[in-house]
Amino acid sequence: PLAQFLAAQSAGLGLPTLMLVVAVASVLLSIGLAMVLPTGAQAPEGNAMPAPLAAQHSKLAGVWLTALTVLFAFVTFHAGVQAMAIAETDLQTLRLAGLPPLLLSLATASLIRRIGTVATARTGLVTAALGLLAGALGHFGGLVVASVLLSAGVALAIPGLIGTLASRAVPASRARAMSIYSFALFAGASLAPLAANALAPWGWLALMLPPAAALLFATAVVDGLPQLSRRSSSEASLL
């Protein structure tokens, strides 16, 4: 939301200037990271996917599928309200309304200690889905509620997903698992503008229901996918 707000405020500078500023900021951040991150960590040898990761696919795939939905829903909402051609001042209000709830991410550590990573992720997913359902009403008050709840849900869901991934992937496979997670997260964000532009002409209900349904589906799979082959072998042994 902050990036959208600043980009809208700086639109008069032109796209080349904005991209140059972002490029310089990225270089400075990379230099800062190089100065503060610890050194000496060794990557696993070889290019093949480590066996432990392949063995954990049923558990990790639920996190990866869920990651597809989180930023997909977030960006679909913001791109969708823009595609609905509401007033620019109202757009800015919605973006600013979504900023304070993001601070909830700072409180997720204590929440995870109480209820666990999966429950924290599910809490965020359901909160975000409820926000989208409020936005489906179509009036501005409902959209403000949607922006607040959606940001709050994302602030809870993403740390919950990262914690789930970190706890289930063995150290040798964790970097690869996190890479797949990051790909899924931003793939969802990249698909969202296309979905928003396709759904917006059909109205608020059509715009909000698909991402809300995706989030609710994610609550069912975030804890892992059924291990069909293992279940089948167990049933066969019982017979």
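Here the structure is shown first, and the text comes after it.
Model, not experiment: these values are computed from the prediction. (Residues numbered from 1 in each chain as written. Predicted model: local features only at pLDDT ≥ 70, side-chain atom pairs only at ≥ 80, totals over all residues. Heavy atoms only, no water.)

Engineer: Is there a simple way to think about the overall build of the protein chain in this case?
Structural biologist: A tally of regular secondary structure across the protein chain gives 11 helices and 0 strands. Reading the helices (α) and strands (β) of the protein chain from amino to carboxyl end gives α-α-α-α-α-α-α-α-α-α-α. Counting the 239 residues in the protein chain, one finds 38% classified as buried. For the protein chain, restricting intrachain contacts to residue pairs at least 6 apart in sequence, the fraction spanning at least 24 positions comes to 83%. Total accessible area on the protein chain stands at roughly 12,900 Å², and carbon and sulfur atoms take up 71% of it. (Helix = DSSP H or I, 4+ residues; strand = E, 2+ residues; numbered from the N terminus. Buried < 20%, exposed > 50% of the residue type's maximum accessible area, 1.4 Å probe, protein only. Contact = heavy atoms within 4.5 Å. Areas by Shrake-Rupley, 256 points an atom, 1.4 Å probe, with all protein chains shown as cover.)

Engineer: Sorry, what's going on with unusual backbone geometry here?
Structural biologist: Glycine aside, residues mostly have negative phi angles, and peptide bonds mostly take the trans form. Although it is not a glycine, alanine 85 adopts a positive phi angle of roughly 60°. By the element assignment, alanine 85 lies in the loop between helix H4 (57-83) and helix H5 (88-97).

Engineer: Sorry, what's going on with the pattern of salt bridges here?
Structural biologist: Side chains that differ in charge, positive against negative, can pair when their charged atoms come close. For the structure on display, the rule yields 2 salt bridges. Across the salt bridge formed by arginine 168 and aspartate 223, the nearest N and O atoms sit 2.5 Å from each other. Taken together, the residues arginine 168 in helix H8 (residues 140-168) and aspartate 223 in the loop between helix H10 (204-221) and helix H11 (228-238) connect sequence positions 55 residues apart. (Salt bridge = Lys/Arg side-chain N within 4 Å of Asp/Glu carboxyl O.)

Engineer: Sorry if this is basic, but what is going on with the environment of leucine 133 here?
Structural biologist: Residue position: leucine 133 is located in helix H7 (residues 117-135). Residues leucine 133 and proline 211, 78 residues apart in the sequence, show an inter-C-alpha distance of 9.6 Å. When neighbours within four sequence positions are excluded, leucine 133 is seen to be in contact with Leu209 and Ala212.

Engineer: Sorry if this is basic, but what is going on with the packing of helix H6 (residues 108-115) against H7 here?
Structural biologist: Describing two packed helices takes the angle between their axes plus the distance from one axis to the other. Contact pair H6 / H7: the axes reach a minimum separation of 7 Å and the direction vectors enclose 120°. Our classification of the angle between H6 and H7 gives oblique. Note that H6 runs across H7; the crossing there is right-handed. Where H6 abuts H7, its residues Leu111, Ile112 and Ile115 lie against Thr117, Ala119, Thr120 and Thr123. (Axes fitted to C-alpha atoms, helices over the stretch in contact; angles between N-to-C directions. Parallel < 35°, antiparallel > 145°, perpendicular 65-115°, else oblique. Left-handed = near helix turned anticlockwise from the far one by under 90°.)

Engineer: For this particular structure, what's the right way to read the environment of leucine 191?
Structural biologist: With respect to the helices, strands and loops of the structure, leucine 191 is situated in helix H9 (residues 171-199). For the pair leucine 191 and leucine 71, spaced 120 residues apart in the sequence, the C-alpha separation amounts to 9.5 Å.

Engineer: Which parts of the structure should I look at to understand the side chain of threonine 108?
Structural biologist: Along the chain, the position of threonine 108 falls in helix H6. On the basis of relative accessible area, threonine 108 is assigned to the buried category, the value being 5%. At 2.7 Å, the side chain of threonine 108 and the backbone oxygen of serine 105 are in polar contact. Leave out the neighbours within four places in its chain, and threonine 108 touches Ala155, Leu156 and Pro159. (Polar contact = N/O pair within 3.5 Å; in protein donor to acceptor, adjacent residues only side chain to side chain.)

Engineer: I would appreciate a short explanation of the nonpolar core in the present structure.
Structural biologist: A general trend in soluble globular proteins is that nonpolar side chains are found buried together. Judged by nonpolar contacts, the single largest core of 44 residues is most densely connected at Phe77, Val81, Leu132, Tyr181 and Met208. At the level of elements, H4, H5, H7, H8, H9 and H10 are the ones that each hand at least two residues to this core. Ranked by the residues each element gives to this core, the list is headed by H4, at 12 residues. Here tyrosine 181 is in contact with Val63, Trp64, Ala67, Ile158, Leu161, Ile162 and Leu165, once residues within four sequence places are set aside. (Core = buried A, V, L, I, M, F, W, Y, C linked by side-chain atoms within 4.5 Å.)

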